[in-house]
Structures are given as structure tokens and as C-alpha cells.
Amino acid sequence: MSDSPRDQLATQLAEAVAEALRHDLASQERALLVVSGGSTPVPFFHALSAVELPWSQVDVTLADERWVAETASDSNARLVREHLLQGPAAAATFVPLTSEAATPEQGAAEVAARLRPLWWPASVVILGMGGDGHTASLFPDSRELSLALTTAEPVVAVRTPSQPQPRITLSADRLHQARRHVLHLTGEEKRSVLARALTGDDSRELPIRAFLACPLAIYWAP
């Protein structure tokens, strides 16, 4: 039985990311990988975790996170620990986006300080996209969207009416600080949203547009 198109896509993406990390580590001490949460990247995480790399020289962080405990079922950190930081990839260093603070507003400065010494520009930033055109926690209905699209700060605390939990997200400026950008999508609905995003330039309507001007490798499967 052959792998599904989504599994094949995940394997191809894992190979591309591994090659990027190898390339960068040939000329620098450490490399940074920024990943996204949700269900789409899980097969990619599994594929990448099995690849032999100098994982002890790799830092992994998230594009965004819900402000929940790392043990919570909807924690992106938990997702990464359970599906990516396994096997050879367990030697990587994970840098979470949450702190002990009660709110992301209170914890943002600590998280920003944790991110600053990492090896920017990141080797790869892997973005996802929702059906509303959001990427990371840059939501079209978020009060903090304009700030997140324009600030030079590394992270922004986000409150979004459509989302039950407060969140923290890397700013668009920080997400742009990467050698390579990837958009990993599955399903016809998201392909049609991307097609709509490509026909306009208002990032406040469809925030993924903030990244369509930079070289963006699109990995899509039905």
C-alpha cells in the first residue's frame, strides 16, 4: 500500500528541511527551525524526526502558541515534543513560547528575551494557514493584527474573538527573518483560500498575504 499524497508531501518537506539545516550547519555553529502547530504538520514531524542530522546543534521554536500549559491537549509545544522531538531529533533544543506568567501580555518580554539569542535568521520558517487566511496567530479578526504586522518586537500577545484562548505569536517581522519560508497546506479549501490571497495585497483581510511577497515554497496535497 503506497503512502497517501499527504504522507508523500510530508516526506518531501522533511527532506528539504533536513537539507537546509545541513547546509546551514556546514558554515555556522547552530541552526534555527521555526515550525507551526495544528494537525497538518504531524506527518512532517514524524518524517523529520527520523532523519539523521546534527540535531544537538539545532534549536526548534514555534511560530505561535496558545497560552496554555505545555501539558494541555491543544498545546503546540506538546505537539512538537510528542511528534518531532523523538528519535534522532530528541537531541534538538526546544524553545517554548510560553512562561509561568498568567497571561501572554505579562509573559511576552520573557519569551522575547528567550528568542533573541537564537540563530537568526532562521534556517527555515514553516507556516500553516487557516481557512480564514490566518498564519501563525495573525488572525484577521484580532485586535492586535496591525501591531503584529508592523512591530519590530519578536513576539506579540494576541486576543482573538474567534479563538477561545489568548495566544502569543512571532511578529511578521520576526517570521520574515528566515533564509527560507515554507507554506505547508492540505485540502481543497485551503488551496482556494491561497488562490484568493494571491489576487490581492491586503494583509489585514488575509494575513497570509504578508508572506506571499517573499520567496515562499508552497507544499500542498489534496
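For the structure itself, look to the data block above.
Please read all numbers here as calculations on a predicted model, not as lab measurements.

What counts and what doesn't
- Every chain's residues receive numbers from 1 upward, in the order its sequence appears when written.
- Whole-chain, interface and lining totals are the exception, using all residues; otherwise, since this is a predicted model, local features are given only for residues with pLDDT of at least 70 and side-chain atom pairs are given and counted only at 80 or more.
- Hydrogens and water molecules were not included; the side-chain quantities draw on all heavy atoms of the structure.
- Helix axes are fitted only over the stretch in contact, all axes being lines through C-alpha atoms; the angle between N-to-C directions runs from 0 to 180 degrees.
- Elements are defined by DSSP. Helices are runs of H or I of four residues or more, strands are runs of E of two residues or more, and each kind is numbered from the N terminus.
- Note on angle classes: values under 35 degrees are labelled roughly parallel, values over 145 roughly antiparallel, values of 65 to 115 roughly perpendicular, and the remainder oblique.
- Every residue pair with non-hydrogen atoms within 4.5 Å of one another is taken to be in contact.
- Put simply, Ala, Val, Leu, Ile, Met, Phe, Trp, Tyr, Cys and Pro go in the nonpolar bin, Asp, Glu, Lys and Arg in the charged bin, and everything else, Gly too, in the polar bin.
- The handedness criterion is simple: a crossing whose near helix is rotated anticlockwise from the far helix by less than a right angle is left-handed, and one whose near helix is rotated clockwise is right-handed.
- The term salt bridge refers to a pairing of a side-chain nitrogen on Lys or Arg with a carboxyl oxygen on Asp or Glu at a separation within 4 Å.
- Relative accessibility under 20% of the residue-type maximum defines a buried residue, over 50% an exposed one, and the middle range a partly exposed one, all with a 1.4 Å probe and only protein chains included.

(A) Just the packing of helix H2 (residues 42-49) against helix H3 (residues 76-83), in detail. The interhelical angle for the contact between H2 and H3, taken along N-to-C directions, is 40°, at an axis separation of 9 Å. Relative to H3, the element H2 lies oblique. Between H2, through Val42, Phe45, His46 and Ser49, and H3, the contact on the second element is made entirely by Leu79, Val80 and His83. Residues of the contact of H2 with H3, tallied by class, amount to 4 nonpolar, 3 polar and no charged.

(B) Representation of the packing of helix H1 (residues 5-25) against H2 within the structure. Packing of H1 against H2 brings their axes to within 8 Å, and their N-to-C directions diverge by 50°. By the angle between their axes, H1 is oblique relative to H2. H1 and H2 meet at a crossing whose hand is right-handed. Together, Asp7, Ala10, Thr11, Leu13, Ala14, Val17 and Ala18 of H1 and Pro43, Phe44, Ala47 and Leu48 of H2 make up the contact between the two elements. Per-class residue counts for the contact of H1 with H2 are 9 nonpolar, 1 polar and 1 charged.

(C) Local environment of the pattern of salt bridges. Under the counting rule described, the total for this entry stands at 13 salt bridges. Between glutamate 19 and arginine 22 there is a salt bridge, with the nearest N and O atoms lying 3.7 Å from each other. Of this pair, glutamate 19 and arginine 22 are both found in helix H1, 3 residues apart, which corresponds to roughly one turn of the helix. Between arginine 116 and glutamate 153 there is a salt bridge, and its shortest N-O distance comes to 3.4 Å. With arginine 116 in the loop between helix H4 (104-115) and strand E5 (124-127) and glutamate 153 in the loop between helix H5 (145-150) and strand E6 (155-158), the pair connects residues that are 37 residues apart, well separated along the chain. We classify arginine 116 as partly exposed; its relative accessible area is 45%. Looking at glutamate 153, the relative accessible area reads 42%, which means it is partly exposed. Because the salt bridges share partners, they merge into one network encompassing Asp24, Arg179 and Arg180.

Take it as geometry only, folks, not as evidence of what the structure does.
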